[in-house]
Every structure is written in structure tokens, then in C-alpha cells.
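Fold and geometry: a report
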Amino acid sequence: MSRWSALLLAGSRPSGDNIMGHKALIEVAGVPMLLRPLGALLESPLIGTVCVFAQDLDSLRPLLPDDPRVELRQSLGTIADTIAELIKAKALDYPVLVTTADHALLDTAMIAEFIAGAEGADLAIAMVERDTLMRRFPNSKRTWIGFQGGRYSGANLFAFGSDKVTRVIDRWRIVEQDRKKGWRVLAALGPALLLGAVLKLRTVDESVAAVGSKLGLSIRAVQMSDPKAAIDVDKPADLELVEAILSGQA
């Protein structure tokens, strides 16, 4: 298996975040949050280079390790714009793993499981099934999208296997600021998918395969076994939960 390149998105949303200040710099159990997913990526034998994207480079530069595998680059206004420009400039070495600085619980086991499930797809999306998370963390509040056979939350891990992912970038722009509203995501991908989810007509695998068929690329949902994969730091309650998990109190 070839080594993957990784994009670590550490910018801020144009509309602002639910946590004050630069989110990537917030300390999680005494460590700036950015360094937690970055450390996992660098520890993984499956990852080659890691490119960190942010708007405020001067704030992040002093934090980054002196490692030739790490590069800090300027991001554009939105995630979609940044990725679209990289693809247009042919600046991506496929396959590419994409994750975010607020994925504070990311570890090498999650990376390995996701890559194994994503291998060969043009686009792969990590998901966690609701029962998997609720059994371990019953008080966790996530955004759930329902399908036949279960409800799922995204896990902030994406895989790009080819330039064909450009076919979904414009649709991502539509919902980027409302990606926590599941119905908006489904509607942007097509009314058939939204209706299918509302009526529970398809499983999650059938649904993403249908979207891929319509757009002319292979899309795969990778179901993660570790419920922590679905927990990012998007609000103060998430930060409390993550720190409790890291300290063994959750």
C-alpha cells in the first residue's frame, strides 16, 4: 500500500466558530488542539506528507514541529475553495486523506481503519453509526442523518482518490456553513437522496453509491468502529467531553 498525503485543515469558518478565538490554538488537556491530529498523522506509517492549511499562518507557525514532512500553507476563504484550487493547480498527490484540526481524538488506529476502507474509491467519507456512539457516550450530542438500517454522523475524515472529486466540490459549497444540518447536505446532493433518507428507502452504502453513479465517480461510506471518531471540538461541551475522554473520566 502506497503512503498517503494528508491535508489538515486548521482555518476558521467565515461565519465564525462556536468556540472563542482561533480554534486550532485552543488547549486540549494542555496541548494546542492542532498538535493532536497532526501528531497522529505523523505517527501513522501510512501517511507521507502533511500539509496544514490556515488563514492565520503566523499564529500556527511557532507550534509546528521541525519535520520535513510538514508544510504550512495559506488557505482560501472556505474549505471548498481551498480544495478546488489545489485540484485545479494539480497540487495534490493522490491518494489524499483530509481531516481537521478539531479532530482532537484522532489516532493511528482510526487512520488505518479509514484508509483500509477508502482504498480505491474516488471519494470516501468516514461515518459513525449512532448506536455505536451512544453505547459509549450517551450524553454526546451529534448531527445525525438517517438511512435505512441506522443513523449516522460524519467523522471528519475524507479520502480523495482522483480529480473526479471536483464533481462534488460545488455541491459542498452550498452547505459548507450549514454542514451540521443534515437535511441541507442531503438536499445539496440531490432531491432523490433527501427523499430516500426521509423515507428510509436506502442504506447509507446504497445512498452514497447512487450519488456517485449520478456524478460519475465512486463514493464510499467507511463506517468507523471507534465511536470517538465522531467526536470533534465544535463547542464548549465537546471540549469538556474530549478532555474527560483523554483523562479517562468518560
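1. Observations regarding empty space enclosed by the protein
Counted by the stated rule, this structure contains two cavities of 30 Å³ or more. By volume, the second largest cavity amounts to about 30 Å³. What lines the second largest cavity is simply His103, Gly154, Ala155, Asn156, Ala229, Ala230, Ile231 and Asp232.

2. A word on the confidence of the model for the protein
This prediction gives the protein a mean pLDDT of 85; 83% of its residues lie at or above 70. Here residues 178–184 scores under 50 on pLDDT; set against residues more than four positions off or in separate chains, the count is 14 contacts.

3. A word on the environment of Asp56
When you line up the elements, Asp56 lands in the loop between β4 (47–54) and α2 (57–60). Assessed through its relative accessible area of 31%, Asp56 is described here as partly exposed. Spatially, the C-alpha atoms of Asp56 and Gly11 are 7.4 Å apart, while their sequence positions differ by 45 residues. Engagement of the side chain of Asp56 in a polar contact is seen with the side chain of Ser59, the distance being 2.5 Å.

4. What to know about the side chain of Asp226
Tracing the backbone shows Asp226 in the loop between β10 (219–223) and α10 (236–246). Reaching out from Asp226, the side chain makes a polar contact with the side chain of Lys228 at a distance of 2.9 Å. Beyond its immediate sequence surroundings of up to four residues, Asp226 is in contact with Asp107, Met110, Glu113 and Val128.

5. Focus: the environment of Glu71
For Glu71, the position within the fold is in strand β5 (residues 70–74). Given a relative accessible area of 42%, Glu71 falls into the partly exposed group. Between the C-alpha atoms of Glu71 and Phe53, which are 18 residues apart in sequence, the distance is 8.6 Å. Setting aside residues no more than four positions away along its own chain, Glu71 makes contact with Val50, Cys51 and Val52.

Calculation criteria
- Residues numbered from 1 in each chain as written.
- Predicted model: local features only at pLDDT ≥ 70, side-chain atom pairs only at ≥ 80, totals over all residues.
- Heavy atoms only, no water.
- 1 Å grid on protein atoms, 1.4 Å probe; cavity = no way out; pocket = protein on both sides within 12 Å on 5 of 7 lines; lining within 4 Å.
- Points joined across faces, edges and corners; volume = space filled by probe spheres on them.
- pLDDT = per-residue confidence, 0-100.
- Contact = heavy atoms within 4.5 Å.
- Helix = DSSP H or I, 4+ residues; strand = E, 2+ residues; numbered from the N terminus.
- Buried < 20%, exposed > 50% of the residue type's maximum accessible area, 1.4 Å probe, protein only.
- Polar contact = N/O pair within 3.5 Å; in protein donor to acceptor, adjacent residues only side chain to side chain.

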